[in-house]
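Coordinate inspection notes
Next come the chains, spelled out residue by residue.
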Amino acid sequence: MSIQLRAQDLSKRYDDRVLFHIPSLTLGPSDAIYLKGHNGVGKTTLLKILAGLTTPSSGTINGNEISTFHRLFKRKLFRDVVYLHQSPYMFDASLVDNIRYALPLTSQQGLNSRTRAIHALRQVGLESLADEHCSVLSGGEKQRLAMARAWIVNPSILLMDEPSASLDMESTQGIVSLAKDLLDRGSSIVITSHQQNGLTNLCDTQWSIENQGLTVTPHLRIIDEEIKHIEPITHNILGN
Ligand SMILES: Nc1ncnc2c1ncn2[C@@H]1O[C@H](COP(=O)(O)OP(=O)(O)OP(=O)(O)O)[C@@H](O)[C@H]1O
């Protein structure tokens, strides 16, 4: 399923400091967006508003005023939106269970869920650690696990906040494959990153937060031979 978020008059301020005011913004279906801006302009804040994790100071999304009440108790609007945190949270559990817990309750038990979780871990090169406790993971490995966990739920919109900050090139490629797979299946992605890399090269549109506003322009990709050679992910009969 692909959804569209349409925001009007979206603004965020902290006391007297206005971070941004965006008269109109549309996201999805099938958008690949590189969100840019200097440190502190409000990229994370905008992503969290679009994910329903932060209340804007004003504005509507799909015609709904986003109050704290709406955000917390009327989550339907954001049900299919996943925010990938810069420092992903981990459940106190094994890698495989960390992935399983993202699945709907009815699908969490049983062999199928384990097979699906292992398949997801394989995509980011963590299959061999499947039954280890997640506390053994490095920062970059946690980001890979979080990406596999986001991918397995096949979100309509994936908001990726500095997903490659602590990844080397090889690890970034695993994440690129999963992001590309979501795009191929009709999802939208938004990526913040201070460096251009294989992930930002997936994007065809650029959002820039500057002067407390948002400008939308085409994203000029660096010609990246590696993207052409990404193997498509084989989907199994279980749907991932
Ligand atoms: N709860 C809060 N109270 C006051 N100010 C806040 C709060 N949360 C964020 N800010 C401020 O809002 C500004 C924007 O923060 P945000 O994390 O969205 O920026 P960013 O563009 O993602 O930055 P970076 O590129 O460094 O990650 C920052 O100056 C931050 O200090």
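One structure accompanies this document, and this report is about it. (Residues numbered from 1 in each chain as written. Predicted model: local features only at pLDDT ≥ 70, side-chain atom pairs only at ≥ 80, totals over all residues. Heavy atoms only, no water.)

A word on the packing of helix α5 (residues 139–152) against helix α6 (residues 169–184)
Direction vectors running N to C along α5 and α6 enclose 15°, while the axes themselves pass 10 Å from each other. Compared by their axis directions, α5 and α6 come out roughly parallel. Note on packing geometry: the crossing formed by α5 with α6 is left-handed. Packed against α5, whose contacting residues are Q143, R144, M147, A148 and W151, the element α6 presents S171, I175, L178, A179, D181 and L182 at the interface. Classifying every residue of the contact of α5 with α6 gives 7 nonpolar, 2 polar and 2 charged. (Axes fitted to C-alpha atoms, helices over the stretch in contact; angles between N-to-C directions. Helix = DSSP H or I, 4+ residues; strand = E, 2+ residues; numbered from the N terminus. Parallel < 35°, antiparallel > 145°, perpendicular 65-115°, else oblique. Left-handed = near helix turned anticlockwise from the far one by under 90°. Contact = heavy atoms within 4.5 Å. Nonpolar A, V, L, I, M, F, W, Y, C, P; charged D, E, K, R; others polar.)

Some details on the sheet that holds strand β6 (residues 81–84)
Taken in spatial order, the 6 strands line up as β6-β7-β8-β3-β9-β10 in an open sheet, and their pairing is mixed. Either end of the sheet is taken by a strand with one partner, and the two such strands are β6 and β10 (213–218). Taking each pair of neighbouring strands and ignoring which way they run, the sheet shows an average axis angle of 20°. Across 5 bridges, the pairing between strand β7 (residues 157–161) and strand β8 (residues 188–192) is parallel. (Pairing = 2+ DSSP bridges.)

Some points on the sheet that holds strand β5 (residues 64–65)
With respect to topology, 4 strands assemble into an open sheet ordered β2-β1-β4-β5, the strand pairing being antiparallel. What marks the edges here is a single partner per strand, and that holds for β2 (17–27) and β5. Looking at chain direction, strand β1 (residues 5–14) and β2 are connected through 9 bridges and run antiparallel. Looking across to β2, one finds that S11 is bridged to H21. In the packing of helix α1 (residues 43–50) onto the sheet, the strands contacted are β1, β2 and β4 (58–61), and the crossing angle to β2 comes to about 50°.

Description of α1
α1 sits mainly inside the fold: 6 of its 8 residues count as buried. Residues K43, T45, L46, L47, I49 and L50 constitute the buried set of α1. Once α1 finishes, G52 follows within two positions and takes phi at roughly 75°, a positive value. (Buried < 20%, exposed > 50% of the residue type's maximum accessible area, 1.4 Å probe, protein only.)

Observations regarding the pairing of β10
Pairing geometry for strand β9 (residues 205–210) and β10, over 6 bridges, is antiparallel. What sits directly across from T205, in β10, is P218. If you look at the hairpin formed by β9 and β10, you'll find 2 residues sitting between the two strands, and N211 has a positive phi there, around 50°.

Topic: the pattern of salt bridges
Tallied over the entire structure, the rule returns 5 salt bridges. Among the ionic pairs, R100 bridges to D97, the shortest N-O distance being 3.1 Å. Pair noted here: R100 and D97 are both in helix α3 (residues 95–100), with a separation of 3 residues, about one helical turn. (Salt bridge = Lys/Arg side-chain N within 4 Å of Asp/Glu carboxyl O.)

Notes on the layout of surface pockets
Approximately 540 Å³ is the volume found for the largest pocket. Lining the largest pocket are 19 residues, and of these V81, V82, Y83, Y89 and V153 lie nearest its centre. If you list the elements that add at least two residues to the lining of the largest pocket, you get β6 and α5. Of all the elements, β6 adds the most residues to the lining of the largest pocket, at 4 residues. (1 Å grid on protein atoms, 1.4 Å probe; cavity = no way out; pocket = protein on both sides within 12 Å on 5 of 7 lines; lining within 4 Å. Points joined across faces, edges and corners; volume = space filled by probe spheres on them.)

Focus on the site of the ligand
Neighbouring the ligand are 13 residues; R17, N39, G40, K43 and T45 lie closest to it. One nitrogen or oxygen atom from the main chain of G40 is found 2.9 Å from an oxygen atom belonging to the ligand. Residue K43 places a side-chain N or O atom 2.7 Å away from an oxygen atom belonging to the ligand. Here the ligand, which alone exposes 640 Å², has 59% of that area covered by the protein. If you list the elements that add at least two residues to the shell around the ligand, you get β2 and α1. Looking at the shell around the ligand element by element, the count peaks at 3 residues for α1. For the shell around the ligand, the class distribution of residues is 3 nonpolar, 8 polar and 2 charged. (Near = heavy atom within 4 Å. Polar contact = N/O pair within 3.5 Å; in protein donor to acceptor, adjacent residues only side chain to side chain. Areas by Shrake-Rupley, 256 points an atom, 1.4 Å probe, with all protein chains shown as cover.)

Topic: empty space enclosed by the protein
Applying the stated criterion across every chain yields a total of 1 cavity of 30 Å³ or more. Looking at the largest cavity, its volume works out to about 40 Å³. In terms of lining, the largest cavity is formed by L84, H85, P88, Q143, A146, D161, E162, P163 and I175. Each residue belonging to the lining of the largest cavity can be placed in one class, and the counts come to 5 nonpolar, 2 polar and 2 charged.

Any functional reading would require information beyond the geometric quantities listed.
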